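# Examination of the molecular architecture
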Amino acid sequence: MQQLCVPRDAALPSGAGLTVVMDFERARLTAFNVEYDREFRKWRALPTPVPNQIQMAFLRIVDGTSTTLDQGADRAAWRQQPHVL
């Protein structure tokens, strides 16, 4: 059984600052401002809007690659999980 990754969880290991999580399977970008909460002593990811220019560039990439989805099992496996920028 494959475990799906939650975008917020994928953003936490990136460290402090803006983190954009790419989900090619759903053609979705999610942005977070990751910061360390000293009171609770843990990292937290606060949702933030994805700039429109970045969103549009991402959608062009998804469109450009959607015709080549069946290029092998490695590519299919890579597309399963969200990726962090």
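Structure report, in brief.

## Comments concerning the environment of Ile-61
Mapped onto the fold, Ile-61 is located in helix α2 (residues 52–65). For Ile-61, a relative accessible area of 47% puts it in the partly exposed group. As for Ile-61 and Ala-27, which are separated by 34 residues in sequence, their C-alpha atoms are 9.6 Å apart.

## Thoughts on α2
End to end, α2 covers 20 Å across 14 residues, agreeing with the expected 20 Å (1.5 Å per residue, within 8%). Regarding α2, the residues found buried are Gln-55, Phe-58 and Val-62. Buried positions in α2, seen along its axis, are confined to an arc of 65° and lie on one side of it. Away from its buried face, by an angle of more than 90 degrees, α2 presents the exposed residues Gln-53, Arg-60, Asp-63 and Gly-64.

## Some thoughts on the packing of aromatic side chains
Applying the stated criterion to the full structure yields two aromatic pairs. Ring geometry for Phe-24 against Phe-58: centres 5.4 Å apart, planes inclined by 45°, an arrangement best described as tilted. Residue Phe-24 is found in the loop between β1 (17–23) and β2 (28–37), and its partner Phe-58 is found in helix α2; the two are separated by 34 residues along the sequence. Phe-58 matches Phe-24 in its accessibility class, with the two residues each being buried. Ring plane angle 70° and centroid distance 5.3 Å describe the contact between Tyr-36 and Trp-43, whose orientation is recorded as edge-to-face. Take Tyr-36: its relative accessible area is 40%, and that puts it in the partly exposed class.

## Details of the pattern of salt bridges
In this structure the tally under the stated criterion is three salt bridges. One salt bridge connects Asp-23 with Arg-26, and the closest N-O pair in it is separated by 2.8 Å. Classification of Asp-23 as buried rests on a relative accessible area of 7%. One salt-bridge network, in which partners are shared between bridges, spans Glu-35, Asp-37 and Arg-44.

Here is what the cut-offs are and how they apply
Residues numbered from 1 in each chain as written. Predicted model: local features only at pLDDT ≥ 70, side-chain atom pairs only at ≥ 80, totals over all residues. Heavy atoms only, no water. Helix = DSSP H or I, 4+ residues; strand = E, 2+ residues; numbered from the N terminus. Buried < 20%, exposed > 50% of the residue type's maximum accessible area, 1.4 Å probe, protein only. Expected span 1.5 Å × (residues − 1). Arc of directions from axis to C-beta. Phe/Tyr/Trp six-rings, centres within 6.5 Å; stacked < 30°, edge-to-face > 60°. Salt bridge = Lys/Arg side-chain N within 4 Å of Asp/Glu carboxyl O.

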